[in-house]
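Each chain, letter by letter, is given below.
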Amino acid sequence: VPLIGKWDSAMKIEWENLPEKFVLKCNHGCAYNIVCSNKEELDYQKTTKQLCEWMKEDFGAFNIELHYSKISHHVITCEEFLGDSITDYKFFCFNGEPKFIYVSNDLVHDRQAQIGFFYLNGEKMPLKRDDYTDIPSVDLPFFFDEMLAVAKNLCIEFPFVRVDFFL
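Now for a description of the structure that goes with this document.

A short note on the overall build of the protein chain
Along the protein chain, the regular secondary structure elements total 3 helices and 9 strands. Counting helices and strands in the order they occur from the N terminus, the protein chain gives β-β-β-α-α-β-β-β-β-β-α-β. Taken over the C-alpha atoms alone, the protein chain extends approximately 45 × 30 × 30 Å along its principal axes. Residue burial in the protein chain is summarised as follows: out of 167 residues, 41% are buried. Of the side-chain charges in the protein chain, 17 are positive and 27 negative, and the distance between the mean point of each set is 4 Å.

What about the pairing of strand E3 (residues 33-36)?
Of the two faces of E3, only the one carrying Ile34 and Cys36 is buried; Asn33 and Val35 on the other face are not. In the sheet, strand E2 (residues 22-26) pairs with E3 via 4 bridges, with the strands oriented antiparallel. Among the inter-strand pairings, Leu24 is bridged to a residue of E3, identified as Ile34. Here E2 hands over to E3 after 6 residues, with Ala31 in that stretch at a positive phi of 70 degrees.

A closer look at unusual backbone geometry
One non-glycine residue, Asn95, lies in the positive phi region at around 50 degrees. Inspection of the secondary structure puts Asn95 in the loop between strand E5 (87-94) and strand E6 (97-105). With a relative accessible area of 63%, Asn95 lands in the exposed category.

Describing the pairing of E6
In the case of a regular strand, side chains alternate between the two sheet surfaces. Counting buried residues along E6, 7 of its 9 residues qualify, which places the element largely inside the surrounding structure. With 8 bridges connecting them, E5 and E6 associate as antiparallel partners. Counted as the bridge partner of Phe94 is Glu97 from E6. Pairing between E6 and strand E7 (residues 114-119): 6 bridges, direction antiparallel. Counted as the bridge partner of Val103 is Gly116 from E7.

Concerning the sheet that holds strand E8 (residues 133-134)
If you walk across this open sheet you meet the 5 strands as E8-E7-E6-E5-E9, and the pairing is mixed. Strands with a single pairing partner mark the edges of an open sheet, and in this sheet they are E8 and strand E9 (160-166).

Some details on the pattern of salt bridges
For the structure shown, the criterion picks out 5 salt bridges. Here Asp8 makes a salt bridge to Lys12, at a shortest N to O gap of 2.8 Å. A residue is classified by how much of its surface remains accessible, and Asp8, at 39% relative accessible area, is partly exposed. Overall, the relative accessible area of 48% leaves Lys12 in the partly exposed class. A salt bridge links Lys90 to Asp164, with the nearest nitrogen and oxygen atoms 3.3 Å apart. One end of the pair, Lys90, is in strand E5; the other, Asp164, is in strand E9, with 74 residues separating them in the sequence. Its relative accessible area of 12% is what places Lys90 among the buried residues. The network of salt bridges with common partners includes Asp88, Lys90, Arg162 and Asp164.

Rules used in this analysis
Residues numbered from 1 in each chain as written. Predicted model: local features only at pLDDT ≥ 70, side-chain atom pairs only at ≥ 80, totals over all residues. Heavy atoms only, no water. Helix = DSSP H or I, 4+ residues; strand = E, 2+ residues; numbered from the N terminus. Buried < 20%, exposed > 50% of the residue type's maximum accessible area, 1.4 Å probe, protein only. Lys, Arg positive; Asp, Glu negative; His and termini not counted. Charge placed at Lys NZ, Arg CZ, Asp CG, Glu CD. Pairing = 2+ DSSP bridges. Salt bridge = Lys/Arg side-chain N within 4 Å of Asp/Glu carboxyl O.

Next up, the structure:
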């Protein structure tokens, strides 16, 4: 996803230089996202306050993902807006091999994302998170084999890595 900008403080964002649609993200955790589909309707004070609050949090400490605790919490990135409906395919790879996928829908809406765990053939796995709406089935995209090949190439040297694709 093309990077539009990055700042070491929410206070330094030059709102007037941002495009009409964009996504702001903090780099030190998950779900620290501000999706702007219309810059004219964005409450800049509220957004700045939210970003400042997130940047004070230690995501790794309360989410048991300690690698996030070691990341400097002062970087905010701004990325191109990809659309109103996104499906995220997350390949979980172990010792150089993709083993299963986690699919998430509607990441950019204010409502809770829908997620599901699937084998690489698209069959539903007997896993479920109670804090999300479950996806009971998935239609793999026609280029799924290409995504799988890229994930295999990227994960070769890692004992564990997750490779994500946004559609």
